[in-house]
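Observations on chain architecture
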Amino acid sequence: MHEMSLAEGIRSIVESAARDGGFSRVTRVVLEIGALSAVEKDALRFCFDAVMRGTVAGGAVVEMIDLPGAGLCVQCGRNVPIAARYDACPACGSYRVQPTAGMEMRVRELEVE
Ligand SMILES: [Zn+2]
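An account of the accompanying structure is given in this report. (Residues numbered from 1 in each chain as written. Predicted model: local features only at pLDDT ≥ 70, side-chain atom pairs only at ≥ 80, totals over all residues. Heavy atoms only, no water.)

1. Digging into the coordination of the zinc ion
Protein ligation of the zinc ion involves Cys73 (SG), Cys76 (SG), Cys89 (SG) and Cys92 (SG), the donor distances falling in the range 2.3 to 2.4 Å. In this structure, the zinc ion is surrounded by four donor atoms whose angles at the metal cover 104 to 114°, and the resulting shape is tetrahedral. In terms of primary sequence, the donors binding the zinc ion are separated according to C-x2-C-x12-C-x2-C. Taken together, the positions of Cys76 in the loop between strand S3 (69–73) and strand S4 (79–82) and Cys89 in the loop between S4 and strand S5 (97–101) put the pair 13 residues apart, joining distant regions of the chain. Taking relative accessible area as the criterion, Cys76 reaches 30% and is therefore assigned partly exposed. (Donors = N, O, S within 2.8 Å, 3.2 Å for Na, K, Ca; no water. Tetrahedral: all angles 85-135°; square planar, octahedral: opposite > 155°, others 65-115°. Helix = DSSP H or I, 4+ residues; strand = E, 2+ residues; numbered from the N terminus. Buried < 20%, exposed > 50% of the residue type's maximum accessible area, 1.4 Å probe, protein only.)

2. Comments concerning the packing of helix H1 (residues 2–21) against helix H2 (residues 41–52)
Direction vectors running N to C along H1 and H2 enclose 50°, while the axes themselves pass 8 Å from each other. Classed by the angle they form, the pair H1 and H2 counts as oblique. Crossing angle aside, the handedness with which H1 passes H2 is right-handed. Mapping the contact onto sequence places Glu3, Met4, Leu6, Ala7, Glu8, Ile10 and Arg11 in H1 and Ala43, Leu44, Cys47, Phe48, Val51 and Met52 in H2. Across the contact of H1 with H2, the residue classes tally to ten nonpolar, no polar and three charged. (Axes fitted to C-alpha atoms, helices over the stretch in contact; angles between N-to-C directions. Parallel < 35°, antiparallel > 145°, perpendicular 65-115°, else oblique. Left-handed = near helix turned anticlockwise from the far one by under 90°. Contact = heavy atoms within 4.5 Å. Nonpolar A, V, L, I, M, F, W, Y, C, P; charged D, E, K, R; others polar.)

3. Comments concerning the sheet that holds S4
Overall, antiparallel pairing links the three strands, which are arranged S4-S3-S5 in an open sheet. Looking along the sheet, the strands with just one partner apiece sit at the ends: S4 and S5. Here the strands of the sheet are splayed against their neighbours by 40° on average, with no regard to which way each runs. (Pairing = 2+ DSSP bridges.)

4. Some details on the sheet that holds strand S2 (residues 61–67)
Read across the open sheet, the three strands follow the order S2-S1-S6; overall the sheet is mixed. Lying at the two open borders of the sheet, with one neighbouring strand each, are S2 and strand S6 (105–112). Going from strand to strand, the sheet's axes swing by 20° on average, the running direction of each strand aside. Where strand S1 (residues 26–34) lies against S6, seven bridges are found, and the strand directions are antiparallel.

5. Side note on the environment of Gly34
Residue position: Gly34 is located in strand S1. By relative accessible area, Gly34 is classed as buried at 5%. Between the C-alpha atoms of Gly34 and Ala70, which are 36 residues apart in sequence, the distance is 9.7 Å. Those residues within four positions of Gly34 in sequence are excluded, and the remaining contacts are Leu67, Gly102 and Glu104.

Everything listed is a geometric property; what it means functionally is a separate question.
Right, here's the structure in full:
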């Protein structure tokens, strides 16, 4: 389950932000999750709670914002929106679509006390 390592990555981001920013409690963590990132949101939420226990973000609310996916169709050369990796091009039906956006997962914002 790669959500556990994602959650651990979020923890190190949050902890270094807390060190640099001098805050002692994080109440909310806002994440951006690309449609093509293959992140299981329920699993990530579960791992987040487990990994943050006992840290500055223990008990913090996690909010997830979906980012749309997009790709460049090799067949027709168009930039097209896609909802999942390996989706067909909505313009020409080709499966040769190179993902160009929506693969990422990142921390957008922290709410602190
Ligand atoms: Zn196409």
